[in-house]
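The chain contents come next:
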Amino acid sequence: YDHFYLEYACHSPDQQRWFAMRVTPLDGPAPRRVVISHTDITERWQTQMELQKAYETLEQRIVDRTAELRATKERTEAILDNSADGILLVNFDLTVHQTNQSFCHLFGCGLVGYEGSAFETLAHPEDAALIRQAARSVISTQKRATTEFRSRRRDGSLFDAEVSIGFVHGQGLV
């Protein structure tokens, strides 16, 4: 070996300490000679342990927060999916982001029947501008609006609907 290196604990009754030992051979004729050095690396070890503890604490906080968010999401989805009202979330570009089960039943579509579709496709063509304007008004004013229009199911049949549009802060949704 060209050299040997070892980090080790050497605690005293009242202090925790760590050292690094390096053994380096000297060139020359036999007998073989070496230089042995011991360096106090206690400060570095303590810093590493503090960093590791902070990392573990942060990791646990992330795990806990993720579990809280997952539980909140599940509760919210349970409320939405068990509501008798048809509910949908619309992106600011006025495409459908998500719908609940009642909406899908009301509009005669599967659970992903309208996701990505233009919001106005839910209305009779003559009423499309009305709901598009109502949604844009809510986006610009961030205030709730209610309007009535003729809705169009997936099969093309029409029904009268009242829609309440609200702004979802921080989500890019109405």
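Please read these numbers as outputs of a predicted model, since none were measured by experiment.

**Q** What is the right way to read the overall build of the protein chain from this model?
**A** For the protein chain, the helix and strand inventory stands at three helices and seven strands. What you see in the protein chain, going N to C, is helices and strands ordered as β-β-β-α-β-β-α-α-β-β. With the C-alpha coordinates of the protein chain rotated into their principal frame, the extents come out at 100 × 40 × 30 Å. Burial analysis of the protein chain (174 residues in total) assigns 25% to the buried set.

**Q** Which parts of the structure should I look at to understand the nonpolar core?
**A** With 24 residues, the main nonpolar core has Leu88, Phe103, Phe107, Tyr114, Phe119, Leu122 and Ile165 as its most contacted residues. Once residues lying within four places of it in the same chain are set aside, the contact partners of Phe107 are Tyr114, Leu122, Ser151, Arg152, Arg153, Arg154 and Phe159.

**Q** Help me out: how do you make sense of the packing of aromatic side chains in this one?
**A** Remark: the centre distance and the inter-plane angle together describe each pair of aromatic rings, the angle taken between the planes. Using the criterion set out here, one finds seven aromatic pairs in the structure. Where Phe103 meets Phe107, the ring centres are 4.3 Å apart and the plane angle is 20 degrees; that geometry is what we call stacked. Residue Phe103 and its partner Phe107 are both found in helix α2 (residues 101-107); the two are separated by four residues, about one turn of the helix. For the pair Phe103 and Phe107, one class covers both residues: buried. Among the residues examined, Phe103 registers a relative accessible area of 2% and is labelled buried.

**Q** Honestly, helix α3 (residues 128-141) in this entry has me stumped. Any pointers?
**A** Given 3.6 residues per turn, any residue in an α-helix points the same way as the ones three and four places further on. Here α3 is 14 residues long and its end C-alpha atoms lie 20 Å apart, about the 20 Å a rise of 1.5 Å per residue gives. On the buried face of α3, the contacting elements are β6 (145-152) and β7 (158-165). Looking one or two residues beyond α3, the residue adopting positive phi is Gln142, at roughly 60 degrees.

**Q** What exactly am I supposed to notice about the pattern of salt bridges here?
**A** Side chains that differ in sign of charge can pair as their charged atoms come close. Per the counting criterion, the structure on display carries six salt bridges. Between Glu77 and Lys73 there is a salt bridge; the shortest N-O distance is 2.9 Å. Of this pair, Glu77 and Lys73 are both found in helix α1 (residues 42-81), four residues apart, which corresponds to roughly one turn of the helix. Note that Glu126 is salt-bridged to Arg150, the shortest N-O span being 3.2 Å. Here Arg150 lies in strand β6 and Glu126 lies in the loop between α2 and α3, a separation of 24 residues in the sequence. Classification of Arg150 as partly exposed rests on a relative accessible area of 27%. Put simply, Glu126, Asp127 and Arg150 are held in one network by salt bridges that share partners.

**Q** It is not clear to me how the environment of His38 should be interpreted in this structure. Could you clarify?
**A** Structurally, His38 can be placed in strand β3 (residues 33-40). Sequence spacing of His38 and Glu162 is 124 residues, and the spatial spacing of their C-alpha atoms is 81 Å. The residues touching His38, leaving out its near neighbours within four places in the chain, are Tyr8, Ala20 and Met21. Of note is the side chain of His38, whose polar atom sits 2.7 Å from the side chain of Tyr8.

**Q** How should the pairing of strand β2 (residues 18-26) be read in this particular structure?
**A** Relative to β2, strand β1 (residues 4-9) is paired through six bridges, and the arrangement is antiparallel. Residue pairing across strands places Leu6 opposite Met21, the latter belonging to β2. In terms of strand pairing, β2 meets β3 through eight bridges, oriented antiparallel. By the bridge assignment for β3, Met21 is matched with His38. Here β2 folds back onto β3 in antiparallel fashion, the turn holding six residues, of which Gly28 has a positive phi close to 145 degrees.

Reading guide: rules and limits
Residues numbered from 1 in each chain as written. Predicted model: local features only at pLDDT ≥ 70, side-chain atom pairs only at ≥ 80, totals over all residues. Heavy atoms only, no water. Helix = DSSP H or I, 4+ residues; strand = E, 2+ residues; numbered from the N terminus. Buried < 20%, exposed > 50% of the residue type's maximum accessible area, 1.4 Å probe, protein only. Core = buried A, V, L, I, M, F, W, Y, C linked by side-chain atoms within 4.5 Å. Contact = heavy atoms within 4.5 Å. Phe/Tyr/Trp six-rings, centres within 6.5 Å; stacked < 30°, edge-to-face > 60°. Expected span 1.5 Å × (residues − 1). Salt bridge = Lys/Arg side-chain N within 4 Å of Asp/Glu carboxyl O. Polar contact = N/O pair within 3.5 Å; in protein donor to acceptor, adjacent residues only side chain to side chain. Pairing = 2+ DSSP bridges.

Honestly, it's all geometry; don't read function into it.
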